[in-house]
Amino acid sequence: GTVPAGLGEFPYVEIQARARRSLASGSAGSVVAHGPVLVAIMLGAVAGLRPARSSALSGATCRGGRLTVRRSVDTSGEVVPPKHNKRRTVPLPPRLLSALEAMPKRGLWIVSRLDGEMLGCFGLRDAIVALYDRAALPRPSKPIHCLRHT
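These figures come from a predicted structure and were not determined experimentally.

Colleague: Hey, could you run me through the pattern of salt bridges in this one?
Modeller: A pair can form between side chains of opposite charge whenever their charged atoms are brought close. Counted according to the given criterion, the structure contains two salt bridges. Between Asp-115 and Arg-113 there is a salt bridge, with its nearest N and O atoms 2.7 Å apart. Relative accessible area serves as the criterion here: at 49%, Asp-115 is assigned to the partly exposed category. Looking at Arg-113, the relative accessible area reads 39%, which means it is partly exposed. For Arg-139, the salt bridge is made with Asp-133, and the minimal N-O distance between the two is 2.9 Å. The exposure class assigned to Arg-139 is partly exposed, which follows from its relative accessible area of 46%. Residue Asp-133 is classed as partly exposed on the basis of its relative accessible area, which comes to 42%.

Colleague: What exactly am I supposed to notice about the side chain of Ser-55 here?
Modeller: Relative to the elements of secondary structure, Ser-55 occurs in helix 4 (residues 51-55). Excluding its chain neighbours within four sequence positions, the residues that come into contact with Ser-55 are Val-73, Trp-109, Val-111, Met-118, Gly-120, Cys-121 and Leu-124.

Colleague: Help me understand the packing of helix 3 (residues 35-45) against helix 5 (residues 94-102), please; the structure alone is not making it clear to me.
Modeller: For any two helices packed against each other, one specifies the inter-axial angle together with the distance between the axes. At a minimum axis separation of 10 Å, helix 3 and helix 5 run at an interaxial angle of 150 degrees. Here helix 3 lies roughly antiparallel to helix 5, going by the angle between them. Taken as a pair, helix 3 and helix 5 cross one another with a handedness that is left-handed. Where helix 3 approaches helix 5, its residues Val-39, Met-42 and Leu-43 are matched on the opposing element by Arg-95, Leu-96, Ala-99 and Leu-100. A per-class count over the contact of helix 3 with helix 5 returns six nonpolar, no polar and one charged.

Calculation notes
- Residues numbered from 1 in each chain as written.
- Predicted model: local features only at pLDDT ≥ 70, side-chain atom pairs only at ≥ 80, totals over all residues.
- Heavy atoms only, no water.
- Salt bridge = Lys/Arg side-chain N within 4 Å of Asp/Glu carboxyl O.
- Buried < 20%, exposed > 50% of the residue type's maximum accessible area, 1.4 Å probe, protein only.
- Helix = DSSP H or I, 4+ residues; strand = E, 2+ residues; numbered from the N terminus.
- Contact = heavy atoms within 4.5 Å.
- Axes fitted to C-alpha atoms, helices over the stretch in contact; angles between N-to-C directions.
- Parallel < 35°, antiparallel > 145°, perpendicular 65-115°, else oblique.
- Left-handed = near helix turned anticlockwise from the far one by under 90°.
- Nonpolar A, V, L, I, M, F, W, Y, C, P; charged D, E, K, R; others polar.

Printed below as a string of structure tokens:
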């Protein structure tokens, strides 16, 4: 589609800015998403996690206000080591920590479907694409991954 006025050549920068403003104001839940999808957006926009790493998080990875990423999910849905086989520990800002703690425990995965099964990269992508469409925002080629970059 066409890029709305004011978004410029790289609309994902504006989308990221809008997501961060919504998260900072506390309005993201009512505006764009809820539950696991909101947490996935926050994990990308606030903590800088890749979608595949967000999809592979379990409750045991969050301790003491920090998140340790030990695994990822490949495009076939298999749990694999993270990119470059590197573990990563990131501090959790209070709003993200609260969102993670508020997530219902439905199974092993934090970013899960209602039945507790892993949402996975493609399920997460579909949910995020639907949010871009509902918000009438242009979709970047990597609709989740772009939240990681400024």
